[in-house]
Structure formats: C-alpha cells, structure tokens
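# Architecture at a glance
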Amino acid sequence: MRLRRIITVKVCMKLVIGNKNYSSWSMRPWVLMRELGLVFEEVNLRFDSFDADSQFKQSLDQLGVAGKVPVLIDSNVIIAGKPLAVWDTLAITERLAECFPDRGIWPRDESQRAIARSIVAEIHSGFNALRSLCPMNIEADLQDVGVDLYAKHAGLRDDLARIESIWAQNLANSKGPMLFGAFSAVDAYFAPTIMRIQSYGLPINATSRAYANRILALKSVQQWMADAIGEDDFLSFEEPYRSRDT
Ligand SMILES: N[C@@H](CCC(=O)N[C@@H](CS)C(=O)NCC(=O)O)C(=O)O
C-alpha cells in the first residue's frame, strides 16, 4: 500500500494590504512576492476611511506600525512577544531581499543593483504629479480625464517623460524582458505606474508600451487586476473623478 505523505507548509509571512483597486503601495510588495513565488498569507484591510477612529487605522494601530499599508508581518522573528512587523514598501523590499537573497529581488550585479535601488527610491519619493493627479483606480476608465490632465499639467508630462527615459535607458542595456533582465523589485515598483497609464490613457511611446504590456501580462499582475475588479468597492474619498452612479 502506498503511503501518502501530507506536508504542511507553515506560512510565516503575512502581507497586510489595502483595497487592490486603489492601493498602489500595497500592489508593489504583493506583485514582487507573488511573481517571485515567495509564500505569504494575504491580509486585506478594506479602506473604510483614513480617520483615526476608522476600522482601517484601528487594525493598523494594533500592529504598532505607521498607520499605512502595506505591512509585512514576519512570525519567524518575535519581538516582545509579537511577530516582527515591517512597514513601508522600501523597508519591506529590503527585508525580503535579506530573507530571500537568492530570489532576484535586486539585480545580481553590484552596479546594476545600485541603479535599481536609485530608481526604486525615486519612485518612492517622486513622481508627485502623476501620483496626486492620477490616483490608482484599476477598474475605472478615466481616459477622458487623462487627456485633460495631460494637456493641463506640465508636471504630469514631466513625470511621464522621466519614467519613459528610465525605461528606455534600462531596457536598452537589459539582457531580458524586464528593466534589469529578469523580473525584479524595480518592475514591481513600476506596476502601479502602468495601472495609472492604462486607466487614464496616458500617451507613451512604442518601447514603453511594449514594456508596459510585458508587465501587464505577468501572472501576478493579472491576478491583482482581476482581484481589484472583483472588489466592486466604490470609495468616494479615493474617487476625485467619478461619482457613485457614473
Ligand atoms: N511610503 C509608504 C506609503 C504607504 C501609503 O501611503 N499607503 C496608503 C495606501 S496606498 C495608506 O495606507 N494610506 C493611509 C493614510 O494615508 O492614512 C510606503 O511606501 O509604504
């Protein structure tokens, strides 16, 4: 008789995220972990509001973090009786890179890694016009809004030009389909940018479009988008351009 061995894998990492339709910061580590096959449990915290007494803020308060998502909870490490909680996408990315040094979170080459980190830091602290004028809203068709915003806001045009120049420069040197050869943290960081370009119909050149299409075709990105559309959750405070009945 054949004995069947049941193997239980203990999931030690949890990723706390917000609404998939709206939370661009949550998308980055989720896509990174999913695409690289890192095992984690997803904890969804719906955005009810960002007021101090909201369910969202109160749940985060219990974790003792900064009151924003994403948060990585690593129960491999216990501090004062609680699992280690890491907040902010940059810190999460670095923690993952330390825990999984062979998974290609950063490019292998030292100088490429320095450039990749610079780009991720630039995304983290910059592109303010794109971020504030075009909040991520995966399920929405905001093409008309996008045409108007693009015509009116030089800052938005500058942000897109800078993004396209980063893509052009790194794709030209890349030995693979992604910005640094194989998929890495940089590509995960640009995934929400591509969501915005899609929803708002922002104009990009053919090289950028081809890269954007490769990101859109990633399994992890496809899954995130399907989940985002499936949420069917309209939150007025995340919707500068739509009303509930449009
Ligand atoms: N710099 C933070 C930004 C995180 C962030 O702003 N998250 C948003 C959701 S996409 C949030 O939780 N906002 C709540 C608030 O602003 O109070 C990171 O990289 O994780």
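Okay, so let's go over this structure.

Basis of the calculations
Residues numbered from 1 in each chain as written. Predicted model: local features only at pLDDT ≥ 70, side-chain atom pairs only at ≥ 80, totals over all residues. Heavy atoms only, no water. Helix = DSSP H or I, 4+ residues; strand = E, 2+ residues; numbered from the N terminus. Buried < 20%, exposed > 50% of the residue type's maximum accessible area, 1.4 Å probe, protein only. Contact = heavy atoms within 4.5 Å. Axes fitted to C-alpha atoms, helices over the stretch in contact; angles between N-to-C directions. Parallel < 35°, antiparallel > 145°, perpendicular 65-115°, else oblique. Nonpolar A, V, L, I, M, F, W, Y, C, P; charged D, E, K, R; others polar. Pairing = 2+ DSSP bridges. Right-handed = clockwise from strand over helix to strand, strands pointing away.

### Overview of the environment of P203
With respect to the element layout, P203 can be found in the loop between α8 (185-199) and α9 (206-216). On the basis of relative accessible area, P203 is assigned to the partly exposed category, the value being 39%. It is 29 Å that separates the C-alpha atoms of P203 and R34, two residues lying 169 residues apart in sequence. If near-sequence neighbours (up to four positions away) are discounted, P203 is found in contact with Y150, L160 and E164.

### Concerning the packing of helix α6 (residues 143-152) against helix α7 (residues 154-173)
Where α6 meets α7, the closest approach of the two axes is 5 Å, and the angle between their N-to-C directions is 95°. As judged from the angle between their axes, α6 and α7 are roughly perpendicular. Of the residues in α7, those touching α6 at L149, Y150, A151 and K152 are A154, L156, R157 and L160. Along the lines of polarity and charge, the residues of the contact of α6 with α7 split into 6 nonpolar, no polar and 2 charged.

### Describing the pairing of strand β1 (residues 13-17)
With 4 of 5 residues buried, β1 is to be regarded as a mostly interior element. Pairing geometry for β1 and strand β2 (residues 41-44), over 4 bridges, is parallel. For I17, the partnering residue across the bridge sits in β2 and is N44. Regarding topology, helix α1 (residues 24-35) serves as the crossover connection from β1 to the parallel β2, and that connection is right-handed.

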